[in-house]
Amino acid sequence: MDLGVAVPAFVVAAVVGVLFFLGYRYYSSYLARKVYALDPAFVTPAHQFNDGNDFVPTNKHVLFGHHFTSVAGAAPIVGPAIAVFWGWGPALTWIVLGTIFAAGVHDLGALAVSVRHKAKSIGTLAGEVINGRARKLFLAIIFFLLTLVNAVFAVVIGNLFVANPGAVIPIVGEIPLAIAIGVYIYRTRSSALLPSIVGVVVLYALILVGNAFPISLDGLAEALGVEQTRNVWVVLLFAYTWIASRIPVWVLLQPRDYINSHQLFIALGVIALGVIVGMNTIQAPVVNDVPEGSPSFFPFLFITIACGAISGFHSLVSSGTTSKQLDKESDARYVGYMGAVGEGSLATGAVLAATAGVAASQADWQALYPDFATASSGATGNFVRGVAEFANNIAIPLDLATIFAAVVVISFAATTMDTGVRLQRYVVQEIGELVKVRALSRNLTVATTIAVVIPLAMALLPGGGEAGYTFGVLWQLFGTTNQLTAGLALSVIAVWITRRGRNPIAALVPLVFLLAMTTWALLVNLRNFVRDDQWVLAPLDAVIFVLAVWLIVEAALALRAAHRERPSLVDADGTGAGRESVVARANPDEPTSDRPIGGPDRDGDR
Amino acid sequence: MSRRVVLVRGPRAAAGSGGCCSGDVRPFDEGGSHAHAPSEDTVAAVYRALRAAVPADVAVEVVSPSNWLWLLPALVTDGRRRGLRGAALRRSVRAGMAVESLIADGAVLASGRLPAPAAAVAAVEVELGVRGAAGSPAGRAGEPQVG
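### Re the overall build of chain B
At step 1: Helix and strand content of chain B: four helices and four strands.
At step 2: In chain B, the order of α-helices and β-strands from amino to carboxyl end is β-α-β-α-α-β-β-α.
At step 3: Counting all 147 residues of chain B, 55% fall into the buried class.
At step 4: Considering only contacts in chain B between residues 6 or more positions apart, those separated by 24 or more positions represent 64%.
At step 5: Accessible surface for chain B amounts to roughly 5700 Å². Of this, 56% is attributable to carbon and sulfur atoms.

### Here we look at the pattern of salt bridges
At step 1: Here the structure, examined in full by the defined rule, presents ten salt bridges over all chains.
At step 2: The residue A:Glu554 makes a salt bridge to A:Arg133 at a minimum N-O spacing of 2.6 Å. Note that A:Glu554 is positioned in helix H23 (residues 537–573) and A:Arg133 in helix H7 (residues 132–163), a separation of 421 residues in sequence.
At step 3: Note that A:Asp532 and A:Arg531 form a salt bridge whose closest N and O atoms lie 3.3 Å from each other.
At step 4: Among the ionic contacts, a cluster of salt bridges with common partners joins B:Arg4, B:Asp78 and B:Arg81.

### Some points on the pairing of strand S4 (residues 107–110) of chain B
At step 1: Pairing analysis gives three bridges linking strand S3 (residues 102–104) of chain B to S4(B), with the strands arranged antiparallel. Paired with B:Ile103 across the strands is B:Val108, a residue of S4(B).

### Notes on the environment of B:Leu75
Residue and element names in this part refer to chain B.
At step 1: Secondary-structure assignment places Leu75 in helix H2 (residues 68–81).
At step 2: Between the C-alpha atom of Leu75 and that of Ala107, which follows or precedes it by 32 residues, the distance is 8.9 Å.
At step 3: Apart from residues no more than four positions distant in its own chain, Leu75 is found in contact with Leu89, Val93, Gly96, Met97 and Ile103.

### Section: the pairing of strand S1 (residues 4–8) of chain B
Residue and element names in this part refer to chain B.
At step 1: Counting buried positions over the five residues of S1 gives five, a clear majority of the element.
At step 2: Alternating positions in S1 separate into two faces, Arg4, Val6 and Val8 on one and Val5 and Leu7 on the other, with burial throughout.
At step 3: Pairing between S1 and strand S2 (residues 59–63): five bridges, direction parallel. By the bridge assignment for S2, Arg4 is matched with Ala59.
At step 4: Sheet topology note: the S1/S3 ladder contains three bridges and is antiparallel. Considered in S3, the bridge of Leu7 is made with Leu102.

### Observations regarding the sheet that holds S2(B)
Residue and element names in this part refer to chain B.
At step 1: Here four strands make up an open sheet; going across it, the order is S2-S1-S3-S4 and the pairing mixed. The open sheet has two edge strands, S2 and S4, and neither has a second partner. Strand-to-strand, the axes of this sheet are offset by a mean angle of 20°, without reference to chain direction.
At step 2: Taken strand by strand, H2 contacts S1, S2 and S3, and its axis lies near 140° from that of S1.

### Observations concerning unusual backbone geometry
Residues and elements named next belong to chain A.
At step 1: A cis amide bond links Phe298 to the next residue, Pro299, at an omega of 10°.
At step 2: Take Pro299: it is sitting in helix H13 (residues 297–304).
At step 3: In this structure, Ala119 takes a positive phi of about 60° despite not being glycine.
At step 4: Topologically, Ala119 is positioned in the loop between helix H5 (88–115) and helix H6 (122–130).

### Some remarks on the packing of aromatic side chains
All names here are of chain A.
At step 1: Using the criterion set out here, one finds 22 aromatic pairs over all chains in the structure.
At step 2: For the pair Phe64 and Phe68, a centre-to-centre distance of 5.7 Å together with 10° between the ring planes defines the contact as stacked. Taken together, the residues span about one helical turn, with Phe64 and Phe68 both in helix H3 (residues 60–71) at a distance of four residues.
At step 3: On the numbers, 4.6 Å between centres and 45° between planes, the contact of Trp475 with Phe478 is tilted. Pair noted here: Trp475 and Phe478 are both in helix H21 (residues 469–499), with a separation of three residues, about one helical turn.
At step 4: A relative accessible area of 0% places Phe478 in the buried class.

### So, empty space enclosed by the protein
Residues and elements named next belong to chain A.
At step 1: As enumerated under the stated definition, the model contains three cavities of 30 Å³ or more in all.
At step 2: Empty space within the largest cavity amounts to approximately 50 Å³.
At step 3: As for the largest cavity, its lining consists of Ile77, Leu264, Ala267, Ile271, Leu346, Phe383, Val387, Phe404, Val408 and Phe412.
At step 4: When contributions to the lining of the largest cavity are tallied by element, the ones reaching two or more residues are helix H12 (253–278), helix H17 (372–393) and helix H18 (398–434).
At step 5: Broken down by class, the residue content of the lining of the largest cavity amounts to ten nonpolar, no polar and no charged.

Parameters and conventions
Residues numbered from 1 in each chain as written. Chains lettered and ligands numbered in written order. Predicted model: local features only at pLDDT ≥ 70, side-chain atom pairs only at ≥ 80, totals over all residues. Heavy atoms only, no water. Helix = DSSP H or I, 4+ residues; strand = E, 2+ residues; numbered from the N terminus. Buried < 20%, exposed > 50% of the residue type's maximum accessible area, 1.4 Å probe, protein only. Contact = heavy atoms within 4.5 Å. Areas by Shrake-Rupley, 256 points an atom, 1.4 Å probe, with all protein chains shown as cover. Salt bridge = Lys/Arg side-chain N within 4 Å of Asp/Glu carboxyl O. Pairing = 2+ DSSP bridges. Axes fitted to C-alpha atoms, helices over the stretch in contact; angles between N-to-C directions. Phe/Tyr/Trp six-rings, centres within 6.5 Å; stacked < 30°, edge-to-face > 60°. 1 Å grid on protein atoms, 1.4 Å probe; cavity = no way out; pocket = protein on both sides within 12 Å on 5 of 7 lines; lining within 4 Å. Points joined across faces, edges and corners; volume = space filled by probe spheres on them. Nonpolar A, V, L, I, M, F, W, Y, C, P; charged D, E, K, R; others polar.

Shape is all these values report; function is a separate question.
Take a look at the structure:
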């Protein structure tokens, strides 16, 4: 579908901005008052367990800074840059509706429920609110999610290095730069701001060096007999993360994060300024007439854009660190909902870059998005070129602007991968504890190696015969797993709301929608994998499908039980919703209202 | 304007995040190996002592040094309110942004290393007391006074 007139990008950005504002102003207010019944008088865990370390009552603006920089990264860029394949209309619609009606409910809900339960994590809450099986389900989903995150971002970085050899020197140079900053801050105990700003300046100066000395590994790949140069990068990246995930966070991860936090705002500023100054118009069709045989946007759009519309991992941050620092329960609306809106804004920027920045005409754009394989393999490259165009509008030479945009995406993806491998090591260790294998739980080398080898194998697995196909599939598996995590968090939230006699529809609608899209996509993929003899992807898809069905069953049982319990709760105090305020004034930990459904867990994991 | 004491965390204590789909999530924080909180945190000890000592209407904020988007304007605003301008303000802000710094109503009492909890409380009480007694924010020149 074509509107017949190119829509100015800044008009779209302004409309999305207004919708996000209305969503925050009205819908988050409804959620805060009627659904989560946020009570400013409730004594939050930050006050209750105040230890000055993890549990600290924190100013809501300070906490928003922590929350947003923890959730914003490369994923809201990559998904939308692929999803515009179906046209910018569906992609933007899902980002706007998903942010307002799904991500906001989910992020704010995870924060609110965690705060009412001693700031416990969503995994622990799944065990408490639903049952012990749900907690194991959560662990399994997280394991898959981290595996896919690490594999996907290795492929993203590998593709970007191959496409932008000028970005190699700045990105590799960022590692000693970050270490130098980390050591400097640690030794001198001075301000992080100045060194990290100097770090950003040096990083961008290295772009000039990278532009003069682009580095390609084509020769090495040929000498090694590796068909795709990207795969050489993937192996090198995992070798690097094996080391990086074992060193203390303050040496590399934190200082690189300081640099990235500046880059996040620089990139958002460049996109915003670029679309205003350049008056770029969107050259992609509103709804793309995709070639026959392409994945349909129902259901694949809704799993391709995960972060940016709704991301299950946000519930981990909400209930992991943010809930321990919430000063007033009512601050959850600002911190949780606005965090989702911030992520949606980044995704909107990605859509604009991949439609308005990347092409001068609709024919140019169609050449970049001719089929799904090309679209998925070239998506991040298209985002990079789009942002480069926006940067070019503000007088940065195009070749340098392209490397700048690549550096932004690669830095984000590399930090995500670094943390992802580190977290995967923790999960492997935890699984080792569960199955009582000391080599897994205690031996750091074994745990790290497993955390690296599994995603490495996934990133290298062949798929479909086309260079980008594996990546397109991996991204969809990542999306389904991430949406399953969101589904689990939403089911915990929905059960919690139902038990309190309030209307759970705000959580149920995105929950049902996500589970329907996820299982539908998994089934379609499974059929295709079996048909195409994809015997690595097919079992993986089947496992995720089983997890999805398991989640649906657990969620349905828990909801039914919660619904049955509801009248007795209302009878107990005669008010239903008013029960919450009674609880809030007394401020107990609500041990009776959230006993696991089906009685105490007998699995021995609590 | 209510009074505020700001504590900047040390380099180890700042959240090590990596953006969407990673982050310092610690999802299995009940006995799981994700519970990797540092055992000793000087900021925590000073925070607890301050929170117990200073009046309830004084906000005590613990801020990550990477959260410059909040910290920088806060230091500039509080410093200007104390009457600092130009080079003095710049020195004060720079000192306040350092890890393990202690700032009371814009006065940088420690920079780069926190004093013992008792000393920190004494310094803050003197600072807040001076402001309360003199009624004038322009006390010392905004230089780090402890540590």
